[in-house]
Amino acid sequence: MLLRRLAEALRRQDWFTVLIEFLIVVVGIFVGLQVSNWNEERVFANQEQAYLGQLHDEIAGNLRTLSHRATFTARVVEGGQRALAHLESGGACEPRCADLLVDLFHASQVWGTAQATTTADELRRLGLPRDLALRERIRPYYQYLSGWETVNQTPPPFRERVRGHLAPDVARILWQDCYEITEGQVERLLDGCTASLQGRADVADSMRRAAADDALPGQLRFWLVQNIYAMIHYPEMAGHAEDAIASIEAELGGAGSR
């Protein structure tokens, strides 16, 4: 209808009507584009809020895992220090062979579950969050994570070396009684697990082989230093996670009130 009126005005050379009809067309297109842009912006903003909610949950889950990991690391250090003292003493393991072997086994452990970054990686790909200040408040936590693999999640030579001294039947008992993993990601090093190891000749033999390995104390010292460093810095990592969570919660709360 509008185009027909415009054509008729052109034939009549009614330039005022042509101008009015033309302006109506332009304004209609402009309004249509603005509405489309507004809808796209609203959809993208909703998507951003959903992603921020997922990022909040990702960091909160990592923080809970970090608490378990700190307990795990403390047990690695405790066992490692006792085992190192024995190795450096040069004495026989009796009557504590089973306890010392558990300490060596625990000291050789590496936390196997990496911190989750899937949501953060997707937000980075999308250029989100768009608020640069919020992005800067979240960034320190993920910067901290990016280099953490080299601290105490990279298996050390000590791990391979000490396990080379374990008799297979002894290793089976250690894995069954002294270690567990729940929910597919929470690892625990269990104490009070020596009942099946007490008095076994292969336990004493495993300890004698370990004690005769001159390279073992130095490798254990290195691994202890890595894990002690981690224990010192876990609270800082947790602080960055808590700051990121608080910043996201403030953004989500503010968005909900607008």
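Above this note sits the structure.
Residues numbered from 1 in each chain as written. Predicted model: local features only at pLDDT ≥ 70, side-chain atom pairs only at ≥ 80, totals over all residues. Heavy atoms only, no water.

## Some words on the state of the cysteines
Think of a disulfide as a covalent bridge from one cysteine sulfur atom to another cysteine sulfur atom. Let me state the cut-off plainly: The disulfide criterion is simple: two cysteine sulfur atoms within 2.5 Å. Each residue is placed in one exposure class: buried if its accessible area under a 1.4 Å probe, protein chains only, is under 20% of its type's maximum, exposed if it is over 50%, and partly exposed if it falls in between.
Per the counting criterion, the structure on display carries two disulfides. The partner cysteine of Cys-93 in its disulfide is Cys-97, sulfur to sulfur 1.8 Å. Linking Cys-93 and Cys-97, the disulfide has an S-S dihedral of approximately 75° and is accordingly described as right-handed. Cys-97 matches Cys-93 in its accessibility class, with the two residues each being buried. Between Cys-178 and Cys-193 runs a disulfide, and the two sulfur atoms are separated by 2.1 Å.

## Here's the deal with the nonpolar core
As a reminder of what qualifies: Take the buried residues of types Ala, Val, Leu, Ile, Met, Phe, Trp, Tyr and Cys, join any two whose side-chain atoms come within 4.5 Å, and each joined set is a nonpolar core. Each helix is a run of H or I in the DSSP string that is no shorter than four residues. Each strand is a run of E no shorter than two, and both are numbered from the N terminus. Between two residues, a contact is recorded if the distance between any of their heavy atoms is within 4.5 Å.
If you look at the biggest cluster of nonpolar residues, it comprises 38 residues, and the most contacted ones within it are Leu-104, Phe-158, Leu-174, Leu-197 and Leu-220. Elements with a minimum of two residues in this core: helix H2 (15-89), helix H3 (97-107), helix H7 (157-163), helix H8 (168-177), helix H9 (201-211) and helix H10 (216-257). For this core, the element with the most residues is H3, which contributes eight residues. With residues near it in sequence (within four places) discarded, Leu-104 still touches Ala-83, Leu-87, Phe-158, Val-162, Met-207 and Ala-210.

## Considerations on the packing of H3 against H9
Applied cut-off: Axes here mean lines fitted to C-alpha atoms, for a helix over just the part in contact, with angles spanning 0 to 180 degrees between N-to-C directions. Should an angle lie under 35 degrees it is considered roughly parallel, over 145 roughly antiparallel, and from 65 to 115 roughly perpendicular; all remaining angles are considered oblique. We call a crossing left-handed when the near helix sits turned anticlockwise from the far one by less than a right angle, and right-handed when that turn is clockwise. Side-chain classes are defined by residue name, with Ala, Val, Leu, Ile, Met, Phe, Trp, Tyr, Cys and Pro counting as nonpolar, Asp, Glu, Lys and Arg as charged, and the others, Gly among them, as polar.
Two elements in contact, H3 and H9, have axes whose closest approach is 9 Å; the angle formed by their N-to-C orientations is 55°. By the angle class used here, H3 and H9 are oblique. Where H3 crosses over H9, the two elements pack in a sense that is left-handed. Contact with H3, carried on its side by Cys-97, Ala-98, Leu-100, Leu-101 and Leu-104, involves Val-203, Ala-204, Ser-206, Met-207 and Ala-210 of H9 and no other residues of that element. Partitioned by chemical class, the residues of the contact of H3 with H9 number nine nonpolar, one polar and no charged.

## Looking at the pattern of salt bridges
As a reminder of what qualifies: One speaks of a salt bridge when a side-chain nitrogen belonging to Lys or Arg is within 4 Å of a carboxyl oxygen belonging to Asp or Glu.
For the structure on display, the rule yields 14 salt bridges. Residues Glu-122 and Arg-125 are paired through a salt bridge, measuring 2.6 Å at the closest nitrogen-oxygen approach. Placement of the pair is Glu-122 and Arg-125 together in helix H4 (residues 118-126), with a separation of three residues, close to one helical turn. The partly exposed category is assigned to Glu-122, whose relative accessible area is 23%. When its relative accessible area of 59% is taken as the criterion, Arg-125 is described as exposed.

These results come straight from atomic positions and should not be treated as a statement about function.
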